[in-house]
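# Observations on the three-dimensional arrangement
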Amino acid sequence: MLSKKCLCGICDEEKQEGIHLYRLFICRECEQKIVQTEPKEVQYHYFVKKLRNLNQMTFH
């Protein structure tokens with residue numbers, strides 16, 4: 001049985017495998033990219049911006 005697809009909060013694509021961090025889903029591919037990206041890389045700042053959305057989400 002396949003699990004349902006979720007929209008990744010980083011790449012905005014629907015994926016089946018990944019993690020849920022609060023209400024944000026991060027696909028396995030993006031999770032790996034985040035972990036392997038060095039702070040001096042340009043893509044690092046993109047990830048930081050996307051992850052800041054966690055602070056702006058409302059919890060009801």
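Residues numbered from 1 in each chain as written. Predicted model: local features only at pLDDT ≥ 70, side-chain atom pairs only at ≥ 80, totals over all residues. Heavy atoms only, no water.

A separate point is the overall build of the chain. When helices and strands are counted, the chain shows three helices and four strands. For the chain, the N- to C-terminal ordering of α and β elements is β-β-β-β-α-α-α. Going through the 60 residues of the chain one by one, you find that 23% of them count as buried. Intrachain contacts of the chain at a sequence separation of at least 6 include 28% that bridge at least 24 residues. Carbon and sulfur atoms make up 52% of the accessible area of the chain, which totals about 5,000 Å². (Helix = DSSP H or I, 4+ residues; strand = E, 2+ residues; numbered from the N terminus. Buried < 20%, exposed > 50% of the residue type's maximum accessible area, 1.4 Å probe, protein only. Contact = heavy atoms within 4.5 Å. Areas by Shrake-Rupley, 256 points an atom, 1.4 Å probe, with all protein chains shown as cover.)

The next subject is the pairing of strand β4 (residues 24-27). Across the two faces of β4 the burial is the same, with Leu24 and Ile26 and Phe25 and Cys27 all buried. Here strand β3 (residues 18-21) pairs with β4 via four bridges, running antiparallel. Residue histidine 20 lies in a different strand from β4, and its bridge partner there is phenylalanine 25. The hairpin turn running from β3 into β4, its antiparallel successor, is two residues long, and tyrosine 22 in that turn takes a positive phi close to 60°. (Pairing = 2+ DSSP bridges.)

Within the fold, lysine 4 resides in the segment before β1 (6-7). A sequence separation of eleven residues divides lysine 4 from lysine 15, and the C-alpha atoms of the two residues are 8.3 Å apart. Setting aside anything within four residues of it in sequence, one finds lysine 4 in contact with Lys15 and Gln16.

Here lysine 50 lies in helix α2 (residues 42-51). Classification of lysine 50 by relative accessible area gives buried; the value is 17%. Apart from the residues within four sequence positions on either side, lysine 50 is in contact with Gly9, Ile10 and Asp12.

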